[in-house]
Amino acid sequence: MTTGRPRLGVMGGTFDPVHHGHLVAASEVAARLGLDEVVFVPTGRPSLKEHAVVTEPEHRYLMTVIATAANPRFTVSRVDIDRPGTTYTVDTLADLRAERPEADLYFITGADAIAKIAAWKDVDRLWDMAQFVAVTRPGHRLSLDDVPPGAVTEVEVPALSISSTDCRRRAAAGEPVWYLVPDGVVQYIAKHGLYRGQDD
Ligand code: ATP
Ligand code: MG
């Protein structure tokens, strides 16, 4: 499996807000698969998002920059927030491949998202564009239909029940988000009054 090509992890997400679950997942996958870099890609307008009000892309982008700044292997890309319209993974991967033709891409996604992969746009093209990595909690095996053999690698991540939904709910209710998200993100949320009065 050593091609000599740089191995680039791609962590797509709404990151509304980015939390320690995302960061641990990226770090764990990077260590297990020997990735050289993980690029976090905040979505523009997500296609399969259940919550109605998604925070402005620029806030989500900046929180992701703050959260990843200390890690020399973590970077953040604007490809999705700078592309007008709904974000589809096929476009994310096409843009990153054009920017980084020398790299092999590893698209990292949670088990919840990968289970819905059949509904993704151009799903048949995706398999050639990147290796897919599904992060699961220890003890939870993934059951995937309609996926070519070997297309998805499973990586167990220490149980993390942190979700952005819960962080938003807490911020709206004035409950603490300390230690669920990086300190700088706690301060960014407070400074800009994000999620205040929101009932998701
Ligand atoms: P929301 O609660 O709004 O759905 P979220 O916490 O799932 O938000 P997203 O931005 O939707 O965050 O997630 C981006 C990616 O990170 C997805 O692939 C998702 O499955 C994965 N992910 C989210 N939370 C965790 C977690 N605690 N551990 C590992 N992966 C996670
Ligand atoms: Mg989610």
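It should be noted that the structure appears before, not after, this text.
All figures in this text were calculated on a predicted structure; none of them were measured in a lab.

A. A look at the overall build of the protein chain. Helix and strand counts for the protein chain come out as 8 helices and 8 strands. For a compact globule of 200 residues, the expected C-alpha radius of gyration is about 16 Å, and the protein chain comes in at 16 Å, within 12% of that figure. Each principal axis of the C-alpha atoms in the protein chain carries an extent, and together these give about 50 × 40 × 35 Å. When contacts within the protein chain are restricted to residue pairs at least 6 apart in sequence, those whose partners lie at least 24 apart make up 72%.

B. View of the sheet that holds strand E7 (residues 131–136). Across the sheet, 6 strands lie side by side as E4-E2-E1-E6-E7-E8; this open sheet has parallel pairing. In this open sheet, the two strands that pair with only one neighbour each are strand E4 (74–76) and strand E8 (152–156). Put simply, the sheet's adjacent strands are angled 30 degrees from each other on average, direction ignored. Where strand E2 (residues 37–42) lies against E4, 3 bridges are found, and the strand directions are parallel. Bridging from a neighbouring strand, Val39 pairs with Thr75 of E4. Strand contacts of helix H1 (residues 20–33): strand E1 (7–13), E2, E4, strand E6 (104–110), E7 and E8, with the helix running at about 160 degrees to E1, the strand carrying the most contacts. Here helix H2 (residues 57–68) sits on the sheet and contacts E2 and E4; the angle it forms with E2, its principal contact strand, is near 160 degrees.

C. How the structure looks around the site of ligand 1. In the vicinity of ligand 1, 19 residues are found, and the nearest of them are Gly13, Gly21, Gly110, Ser164 and Thr165. Elements supplying a minimum of two residues to the shell around ligand 1: H1, E6, helix H5 (111–114) and helix H7 (164–173). Among the elements that make up the shell around ligand 1, the one with the highest residue count is H1 (3 residues). Among the residues making up the shell around ligand 1, the classes are represented as 7 nonpolar, 10 polar and 2 charged.

D. H2, seen in detail. Across its 12 residues, H2 extends 16 Å between first and last C-alpha, which sits within 8% of the 16 Å expected from 1.5 Å per residue. Among all positions of H2, only Pro57, Arg60, Tyr61, Met63, Thr64, Ala67 and Thr68 are buried. The buried side chains of H2 occupy one side of the element, clustering within an arc of 165 degrees when seen end-on. At its buried positions, H2 is contacted by H1, E2, E4, helix H3 (79–82) and helix H8 (183–192).

E. Structural context of unusual backbone geometry. The peptide bond linking Asp16 to Pro17 adopts the cis configuration, its omega dihedral lying at 0 degrees. The residue Phe15 is not glycine, and still its phi comes out positive at about 50 degrees. For Phe15, the location among the structural elements is in the loop between E1 and H1. Of the residues examined, Phe15 has 24 C-beta atoms within 10 Å and is grouped as buried. Notably, Tyr179 is not glycine yet its phi reads approximately 75 degrees, a positive angle.

F. A look at the pairing of E6. Buried residues dominate E6, accounting for 5 of its 7 residues. In this structure, E1 lies alongside E6, joined through 5 bridges in parallel fashion. Its bridge partner lying in E6, Val10 is registered against Phe107. Across 5 bridges, the pairing between E6 and E7 is parallel. Its bridge partner lying in E7, Tyr106 is registered against Gln131.

G. Here's a closer look at the environment of Asp16. Looking at the secondary structure, you find Asp16 in the loop between E1 and H1. Note: C-alpha distance between Asp16 and Pro57 (41 residues apart in sequence) is 9.1 Å. Discounting residues that sit within four places of it in the chain, Asp16 has contacts with Val54, Thr55, Arg60, Ser164 and Arg168.

Reading guide: rules and limits
- Residues numbered from 1 in each chain as written.
- Chains lettered and ligands numbered in written order.
- Predicted model: local features only at pLDDT ≥ 70, side-chain atom pairs only at ≥ 80, totals over all residues.
- Helix = DSSP H or I, 4+ residues; strand = E, 2+ residues; numbered from the N terminus.
- Rg over C-alpha atoms; globule rule 2.2 N^0.38 Å.
- Contact = placed C-beta atoms within 7 Å.
- Pairing = 2+ DSSP bridges.
- Axes fitted to C-alpha atoms, helices over the stretch in contact; angles between N-to-C directions.
- Near = placed C-beta within 6 Å.
- Nonpolar A, V, L, I, M, F, W, Y, C, P; charged D, E, K, R; others polar.
- Expected span 1.5 Å × (residues − 1).
- Buried ≥ 20, exposed ≤ 12 C-beta atoms within 10 Å, placed from the backbone.
- Arc of directions from axis to C-beta.

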